[in-house]
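# Per-entry structural report
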Amino acid sequence: MKVFVFGSGGDIGGHVLKQLAAREHEAVAMAETEIRAEELQMMGATKVIVATEKEFSGVLAGCDAVIYIARDNPIAGENKNMLVDHKAAIRAVGEAQQQGIKRFIYLSPVRPDESEESKETGAKDEPEEMIIQSGLVYTVIRPAKSASKPATGTITAGSSLGDAEGEIPFEDVASVLVESLGSEAAANRSFEIAPGPTAIPEALQALK
Amino acid sequence: MGKISKHLPTALTGSMILAPLAYVAYLYQKDDNQKQHAILRNFPLLGRVRYMTEAVGPELRQYLFSDDNEGKPFSRLQFEDVMRSAKYNQRLIGFGSNRNFEEEGYYIRNSLFPRLDTELRVDNTEKIDTFKYVIDKEGLMSRKEHREGVQIDPYYLRDDDAVVLGENRVREPFRLKGLIGQAGMSYGALGDHAITALSSGLALAGGTWMNTGEGGLSDYHLKGGADIMMQIGPGLFGVRTPDGEFSMEAFKEKAALGQVKAFEVKLAQGAKTRGGHLEGKKVTEEIARIRLIEPGKTVNSPNRFVEYDTFPKLFDFVDELREAGGKPVGIKIVVGDIEGLREMAQIMKERGSHSGPDFISIDGGEGGTGATYQELADSVGLPIMTALPIVDEVLREYGVRDQVKLIASGKLITPDKIAIALAMGADLVQIARGFMISVGCIMAEVCHTNTCPAGVATTDRELQEGLVVEEKLFRTTNYLTSLRAGLYNIAAAAGVDSPTKLERKHILFKDSNGRISPVENMLEKMTGALEK
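Here, residues in each chain are numbered from 1, in the same order as that chain's written sequence. All chains are assigned letters beginning with A, and all ligands numbers beginning with 1, in the order in which they are written. Only residues with pLDDT of at least 70 are given local features in this predicted model, and only at 80 or more are side-chain atom pairs given and counted; all residues enter the totals for whole chains, interfaces and linings. For side-chain calculations, the full set of non-hydrogen atoms in the structure is used, while hydrogens and water are omitted.

Going by what an unreviewed UniProt entry lists, chain B is known as Glutamate synthase domain-containing protein 2 and is assigned to Planococcus koreensis.

The structure is reproduced here in structure tokens:
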């Protein structure tokens, strides 16, 4: 499968690229500089588009799926400190519709344990609803607070987890995204993940 | 029965007072009558305070009286920097620097347009799973903290920037994706716990090497899986025949090990510009086996390779080792004799690019752990920040700089010091004491006595119980990766995309009057001064 990864420059994105490569998917990514592009290729991206502008029309041509990691603004520089670029996500959805993308995996910036007020801050919950309505085969994932920790390979998944304890490793979040690509159970579903005891494939399977 | 219970309390109270009094009286007369110590004869008992305070002085200074920038060989702040990065994987400080900016010293020239993170040639594609401590609550008398698993960036160099020892010269060149290694520390000088923790921690961090020190290649150096640079000193430990001659057979055996990546022929080290002395009682069966010497017998090693007293002879030996082992061979020197350096460079030039050392380790006069004599530690050999640019310039003068890599050492335990050495001409840097601190050294300065309280520089079983390999190894990993992260920080500030690109133009020397001068043409400046 040819997968376009938005947000590949972040902590989760790097793991996503490596895992896609390990499963022999083709990963396409965007980077701000040639130097970063080289590193993304080293991680396993087969193609990296160097873009300094926010414009990305046409980049999805020929791709089968999209993994969108919203917590990392894909083309945010160090000087762009908007929490989440929800407009970019909305544009990506439009682009995906145009290019006939078959699968759209969205990692939401909204956390399960956030207050309603916080969820709406900066309209960061807006893309979720739009993706669900888009007609794309979607998966929307809300992760618990995540951190740079060694992977466990296990999680808890459910439609509403509420106050989940602990931090979920970046690498495990990446595994959920990549696993969702080929998962029937995760298709057209919106769910939350947190640290837990269930192996990732089983946890997704149980969503059915 | 009645009598005993009646008088027992009185007897006990009496003896509690009388016994110490008797002891004091005994000490008093002993001090008064002994002939060894004048102070004690004149001031019996009272004079003993002197010994007590002398004994606890270093601790008192360390914990109570010393300013943060004081303390030797490393100031409290330097020590804390290492400890903090190793234990907490944290390098941030609050409220600015404590450096004394009035003093003379080297500074890094920051660019007005530093590099962004996305403009650095770093390789963080592989992550490292390690452990760090997190402070829960800081109290006056106690600190509540817990250890947790973390995934950290390794800060490797990109493949194109990797430093290669023996490139195009040996059958198996040694590629390094990091600029910092561990300088020579022998098994015997350090205990098996410390060596194993270091080896494991370095292996986990990757992109580095572990120098065995001249005491030979021990199982503990190999145990953790770190890439090994085996050191060969004048004692030829580990590569000798029973009667002390060099053994090519033993050398080939070591060179055949995949984990052994390079050899360093040690002519001298900072603290020890002398031969070694190994007390017979320290030569256990195990040490004897590793060093290829006889158990229980005192070994005095000469302060020079007896046979190799000229550069041609030395280079013949180096060439022979390279040919036989197929791995890079370097020499370790302490700089003092500039004419000698010129002679070496001249001979390197004459013999061409396929002869002589693949690398030269330059140890500053301030370098070196372990046991040595004060006169040699303090005043023999130039400090690294003087020695390094001189060697770099002499080699350039003779057009042989690209035949060798330069490895610098001598108290380079923080990223800024390392960056300055790299800018002065070092290709790589090696550290010994910084790594000792990472596995728990508290600078008690008793390395020569086998009584190290931290269980680092001792082979004593009980003291080593204090050093838990499984806990300390991660500190070594954290310390090394923090140093590498720091180097990228400095490179970014200096406006270059990799620490490999730091040059002389990126540093300045400021004297105590505030005047600055470039760190260039040091040789000229020095010869000028000598002629005056």
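## What about the overall build of chain B?
Stated precisely, the cut-off is as follows: Secondary structure follows DSSP: runs of H or I at least 4 residues long count as helices, runs of E at least 2 residues long count as strands, and numbering of each begins at the N terminus. Put simply, the radius of gyration uses C-alpha atoms, and a globule should come to 2.2 Å times the residue count raised to 0.38. Partly exposed residues are those whose accessible area sits between 20% and 50% of the maximum for their type, while under 20% is buried and over 50% is exposed, using a 1.4 Å probe and protein chains only. Here a residue-residue contact requires only that any non-hydrogen atoms of the pair lie within 4.5 Å. Residue exposure ignores everything except the shown protein chains as possible cover, and the areas themselves are Shrake-Rupley values with a 1.4 Å probe. Counted charges follow a simple rule, with Lys and Arg positive, Asp and Glu negative, and His plus the chain ends left uncounted. Throughout, a charge is located at the NZ atom of Lys, the CZ atom of Arg, the CG atom of Asp or the CD atom of Glu.
Looking only at helices and strands, chain B has 17 helices and 19 strands in total. The globule rule puts the C-alpha radius of gyration for 532 residues at 24 Å, and the 26 Å found for chain B is close to it. Taken along the three principal axes of its C-alpha coordinates, chain B extends 100 × 60 × 55 Å. Within the span of chain B, comprising 532 residues, buried residues form 51% of the whole. Across chain B, contacts joining residues at least 24 apart in sequence account for 69% of those joining residues at least 6 apart. As presented, chain B carries roughly 25,500 Å² of accessible surface, and 54% of it is formed by carbon and sulfur atoms. In chain B, 66 positive and 73 negative side-chain charges are present, and the distance between their average locations comes to 4 Å.

## Here we look at the sheet that holds strand β18 (residues 507-510) of chain B
Residues and elements named next belong to chain B. Using the following cut-off: Any two strands with at least two DSSP-identified bridges between them are counted as paired. Helix axes are fitted to C-alpha atoms over the stretch in contact, other axes to C-alpha atoms as well, and angles between N-to-C directions run from 0 to 180 degrees.
If you trace the three strands from one edge of the open sheet to the other, you get β1-β18-β19, paired in antiparallel fashion. Either end of the sheet is taken by a strand with one partner, and the two such strands are β1 (105-108) and β19 (516-518). Each neighbouring strand pair of the sheet contributes to a mean axis angle of 35°, computed without reference to strand direction. Where β1 lies against β18, four bridges are found, and the strand directions are antiparallel.

## A look at the interface of chain B and chain A
How big an interface is tends to be reported as the loss of accessible area on association of its parts. What counts, and what does not: We define buried area as the total accessible area lost by two parts upon association, computed with a 1.4 Å probe and summed across both. A side-chain nitrogen of Lys or Arg and a carboxyl oxygen of Asp or Glu constitute a salt bridge if their distance falls within 4 Å.
Tallying the contact residues gives 20 residues for chain B and 16 residues for chain A. Here chain B packs against chain A, burying approximately 1,600 Å² in sum over the two surfaces, 49% of which is carbon and sulfur. Broken down residue by residue, the surface that chain B buries against chain A is led by B:Thr118, B:Thr125 and B:Gln151, which jointly contribute 41%. For A:Glu38, the salt bridge is made with B:Arg121, and the minimal N-O distance between the two is 3.6 Å. Elements supplying a minimum of two residues to the side of chain B that touches chain A: β2 (122-123) and β4 (143-152) of chain B. With four residues, the top contributor of residues to the side of chain B that touches chain A is β4(B).

## Some details on the packing of helix α7 (residues 248-255) of chain B against helix α9 (residues 311-325) of chain B
Residue and element names in this part refer to chain B. Which entries qualify depends on this criterion: We call two directions roughly parallel when the angle between them is under 35 degrees, roughly antiparallel when it is over 145, roughly perpendicular when it lies between 65 and 115, and oblique otherwise. Crossings are assigned a handedness: left-handed for a near helix turned anticlockwise from the far helix by less than a right angle, right-handed for a clockwise turn. Three residue categories are used. Nonpolar comprises Ala, Val, Leu, Ile, Met, Phe, Trp, Tyr, Cys and Pro, charged comprises Asp, Glu, Lys and Arg, and polar comprises the others, including Gly.
Direction vectors running N to C along α7 and α9 enclose 50°, while the axes themselves pass 9 Å from each other. Viewed along their axes, α7 and α9 adopt a mutual orientation that is oblique. Remark: the crossing between α7 and α9 carries right-handed chirality. Here Met248, Phe251, Lys252 and Ala255 of α7 come into contact with α9, specifically with Glu320, Leu321, Ala324 and Gly325. Taken together, the residues of the contact of α7 with α9 break down into five nonpolar, one polar and two charged.

## Thoughts on the packing of aromatic side chains
All names here are of chain B. Put simply, the rule is: Two rings belonging to Phe, Tyr or Trp (six-membered ring only in the last case) form a pair when the distance between their centres is within 6.5 Å. Interplanar angles under 30 degrees mark stacking, angles over 60 mark edge-to-face geometry, and anything in between is tilted. In this analysis the charged atom, NZ for Lys or CZ for Arg, is taken to sit over a ring once it is within 6 Å of the ring centre and within 35 degrees of the ring normal.
In the structure shown here, the tally under the stated rule is 17 aromatic pairs over all chains. Taking 5.1 Å as the distance between ring centres and 90° as the angle between the ring planes, the aromatic pair formed by phenylalanine 246 and phenylalanine 317 counts as edge-to-face. Of the two residues, phenylalanine 246 is situated in the loop between β10 (228-232) and α7 and phenylalanine 317 in helix α9; the sequence distance between them amounts to 71 residues. Relative to tyrosine 308, the ring of phenylalanine 305 lies with its centre 6.0 Å away and its plane at 45°, an arrangement referred to as tilted. Across the pair, tyrosine 308 and phenylalanine 305 agree in class, each one buried. Three or more aromatic residues joined by ring pairs form one cluster here, namely Phe246, Phe251, Phe263, Phe305, Tyr308 and Phe317. For the cation-ring pair, arginine 147 lies above phenylalanine 131, with the distance from its terminal atom to the ring centre recorded as 4.1 Å. A cation over a ring is seen here: lysine 411 above phenylalanine 74, with NZ or CZ 5.4 Å from the ring centre.

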